[in-house]
Amino acid sequence: MISVPTYALDVLRQLTHYGYKAYVVGGCVRDSLLGREPADWDVCTNATPEEMLAVFRKFRVFKTGLKHGTLTVRSRGRSVEVTTFRTDGAYTDNRHPDAVTFVTRVEDDLARRDFTINAMAYHPEEGLVDAFDGRADLAARTLRCVGEPDRRFQEDGLRILRALRFAARFEFGIERETAYAISRNRHLLENISAERIFKELQGILCAQGAGDMLTAFPEVMGIILPELASLCSQEAHGDNAWAHTVRAVCAAPADAFPLRLAMLLHSVPAQAHAALLRLKSDNATLRLVTTLVRELETPLPTTRPAMRRLIGRLGVETLQALFCAKQAHLRATGEPEPPLRRARLLADALLDGPPAYTAADLALTGNDLISLGMRPGPQLGRVLATLLSEVQDEKLPNEREALAARAGELCAE
């Protein structure tokens, strides 16, 4: 049922050899039961941190979270997190336990976890430990909190977004009381760091079930992105603005986070830059998303010179992303796509030929002009700009001799 890789088995065997209980636990069990390849394998045990240090004395060990009972053990070149069975104390910051208590029963450890599908443990000889019916919830494609949902979210507000991410990733429904608790406790997200919110948002948007979660929980999105809060009461393209936004997100490729993020923010273009700054977006994503949002409503060029200028201004990769964003927008609105296809064909034809998009593409450089007697300065820049414009307009061939002659004429003028 669950095939534990050798490097994780070695960790289990090392603990059981010395008489301790040990299980693989959490996401690796969940993913295995779903027929997915786990990204990593975690282990829980009744050995205390001090006992684990003795057990793994011949292994390479990192004390990654010793006070919370966690060590990272290197086995066959792979890392395995090993954590002592524990219960958590109060969460006064709605994020981390103030203290932990080490316990001896795996069931007590599973009881502190967030969702039933993540609260299962497994040992090859004992089988599955499933105290909270996580396997049944996997079969029913349901996400449910372990224990009381309000308590789980009040312990750690980030679990609200984790719930949406898991449900979107596996295309699960969210159990009714868990869903109500998400909505009731959404204000707790105001206490979560922007970096963690941005990471979870990426996981939600890039999942196949993103549309269902965005549709079901617009009020949660309104907490992490207040700029979007009013969309549910607005109209756009003959429909509710939030419904249109969700369709646009889903029309963008699922593996392209900047594109999906741009479609999420495209209805509030003036606020997109500030929103991304507040969420501590990386610079590359910030630049691309703000460019896409800004350019989305601008008509695409229909002539070769204008398309060359657009390529020069945006760059090839950003232009291709803009084409994808415009396609997603058209599909969300139901507008015809032939003009977009013609623009793509025009751009591809130009990209197949010699480049003439920026001054760097000219067959004559600024240094060449200086060697021909021009002085460095604003005039040289104006000459290069004119040469580029005339090449783009196909009034002048992009050849050194022709460019040099034309530069001489411009200087004389």
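Quick note: structure is the one above.
Along each chain, numbering runs from 1 in the same order as the chain's sequence is written. At least 70 in pLDDT is required for a residue's local features to be given in this predicted model, at least 80 for side-chain atom pairs to be given and counted, and no such filter applies to totals for whole chains, interfaces and linings, which use all residues. Just so you know, side-chain values use all the structure's heavy atoms and leave hydrogens and water out.

Overview of the sheet that holds strand 4 (residues 70-75)
Logical step 1: DSSP bridges decide pairing: two strands pair if at least two such bridges lie between them. Only DSSP runs of H or I reaching four residues or more are called helices, and only runs of E reaching two or more are called strands; each is numbered from the N terminus. Strand order across the open sheet formed by seven strands is 3-4-5-2-1-8-9, with mixed pairing between neighbours. Strands with a single pairing partner mark the edges of an open sheet, and in this sheet they are strand 3 (60-65) and strand 9 (127-129). Strand-to-strand, the axes of this sheet are offset by a mean angle of 35 degrees, without reference to chain direction.
Logical step 2: Contacts are assigned to residue pairs that have any heavy atoms within 4.5 Å of one another. Lines fitted to C-alpha atoms define the axes here, with helix axes fitted over just the stretch in contact, and angles between the N-to-C directions of these axes take values from 0 to 180 degrees. Docked against the sheet, helix 1 (residues 6-17) engages strand 1 (22-25), strand 2 (42-45), strand 4, strand 5 (78-84) and strand 8 (121-123), running at close to 35 degrees with respect to strand 5.

Quick look at helix 16 (residues 304-314)
Since one α-helical turn is 3.6 residues long, residues separated by three or four positions face the same way.
Logical step 1: Taken as a whole, helix 16 has its buried residues at Pro305, Met307, Arg308, Leu310, Ile311 and Leu314.
Logical step 2: Check the buried side of helix 16 and you find it contacts helix 15 (283-295), helix 17 (316-333), helix 18 (338-352) and helix 20 (378-392).
Logical step 3: Downstream of helix 16 by a residue or two, glycine 315 has a phi angle that is positive, lying close to 90 degrees. We call a residue buried when its accessible area falls under 20% of the maximum for its residue type, exposed when it is over 50%, and partly exposed in between, using a 1.4 Å probe and counting protein chains only.

Brief notes about the pattern of salt bridges
Logical step 1: Salt bridges are defined by distance alone: a side-chain nitrogen of Lys or Arg within 4 Å of a carboxyl oxygen of Asp or Glu. Taken as a whole and judged by the stated rule, the model has 29 salt bridges.
Logical step 2: The shortest N-O distance in the salt bridge between arginine 112 and aspartate 109 comes to 3.2 Å. When sorted by exposure, arginine 112 lands in the same class as aspartate 109, which is buried.
Logical step 3: Residues joined in a network through salt bridges with shared partners are Arg151, Arg152, Glu155 and Arg159.

Side note on the side chain of glutamate 200
Logical step 1: Tracing the backbone through its elements, the reader meets glutamate 200 in helix 9 (residues 194-205).
Logical step 2: Of the residues examined, glutamate 200 reaches a relative accessible area of 5% and is grouped as buried.
Logical step 3: Side chain to side chain, glutamate 200 and arginine 165 meet in a polar contact 2.5 Å long.
Logical step 4: Sequence-distant contacts of glutamate 200, that is, excluding residues within four places in its chain, are made with Leu158, Leu161, Arg162 and Arg165. N or O atoms within 3.5 Å of each other form a polar contact, as long as, within protein, one can give a hydrogen and the other can take it, and as long as residues adjacent in sequence are counted only when both atoms are side-chain atoms.

Observations regarding the pairing of strand 4
Logical step 1: Here strand 4 lies mainly inside the structure; five of its six residues are buried.
Logical step 2: Pairing geometry for strand 3 and strand 4, over four bridges, is antiparallel. Residue pairing across strands places phenylalanine 62 opposite threonine 72, the latter belonging to strand 4.
Logical step 3: Here strand 3 folds back onto strand 4, and the loop between the two strands holds four residues, one of which, glycine 69, carries a positive phi near 85 degrees.
Logical step 4: Across six bridges, the pairing between strand 4 and strand 5 is antiparallel. Note that in strand 5 the partner of arginine 74 across the bridge is serine 79.

Some details on helix 12 (residues 241-251)
Logical step 1: Ala241, Trp242, His244, Thr245, Val246, Ala248 and Val249 are the residues of helix 12 that are buried.
Logical step 2: The distance from a side-chain oxygen at the start of helix 12 to the backbone nitrogen of tryptophan 242 is 2.8 Å, and the residue carrying that oxygen is asparagine 240.

Notes on the nonpolar core
Logical step 1: By size, the foremost hydrophobic cluster in this structure holds 104 residues, and its most contacted members are Leu15, Leu261, Leu264 and Leu265.
Logical step 2: Once residues within four sequence positions are removed from consideration, leucine 15 is found in contact with Tyr20, Ala22, Val43, Thr45, Ala47, Met52, Val55, Phe56 and Val82.
Logical step 3: In this text, buried Ala, Val, Leu, Ile, Met, Phe, Trp, Tyr and Cys residues form a nonpolar core when linked through side-chain atoms within 4.5 Å. Ranked by size, the runner-up nonpolar core spans 15 residues in total, among them Leu384, Leu388, Leu396 and Ala407.

Looking at the side chain of histidine 266
Logical step 1: Looking at the element boundaries, histidine 266 is found in the loop between helix 13 (257-265) and helix 14 (272-278).
Logical step 2: Here the side chain of histidine 266 touches histidine 244 through a polar contact of 2.9 Å, side chain to side chain.
Logical step 3: In this structure the side chain of histidine 266 is engaged in a polar contact, spanning 2.6 Å, whose partner is the backbone oxygen of methionine 263.

Brief notes about the packing of aromatic side chains
Logical step 1: Here a pair means two rings of Phe, Tyr or Trp (six-membered ring of Trp) with centres within 6.5 Å. Their orientation is stacked below 30 degrees between planes, edge-to-face above 60, and tilted elsewhere. Applying the stated criterion to the full structure yields seven aromatic pairs.
Logical step 2: Here the aromatic rings of phenylalanine 170 and phenylalanine 172 are separated by 5.6 Å at their centres, their planes lie at 40 degrees, and the arrangement is tilted.
Logical step 3: Overall, the relative accessible area of 3% leaves phenylalanine 170 in the buried class.
Logical step 4: The buried category is assigned to phenylalanine 172, whose relative accessible area is 4%.

A few points about the environment of phenylalanine 62
Logical step 1: Inspection of the secondary structure assignment puts phenylalanine 62 in strand 3.
Logical step 2: Expressed as a C-alpha distance, the spacing of phenylalanine 62 and histidine 123, which sit 61 residues apart in the sequence, is 24 Å.
Logical step 3: Dropping the residues within four chain positions of it, phenylalanine 62 is found in contact with Leu71, Thr72 and Arg74.

Observations regarding unusual backbone geometry
Logical step 1: A positive phi angle, close to 60 degrees, is found at aspartate 133, a residue other than glycine.
Logical step 2: As for its position among the elements, aspartate 133 is in the loop between strand 9 and helix 5 (134-140).
Logical step 3: A positive phi angle, close to 55 degrees, is found at glutamate 171, a residue other than glycine.
Logical step 4: Note that glutamate 171 resides in the loop between helix 7 (159-170) and strand 11 (173-174).
Logical step 5: Using a relative accessible area of 45% as the deciding quantity, one classes glutamate 171 as partly exposed.

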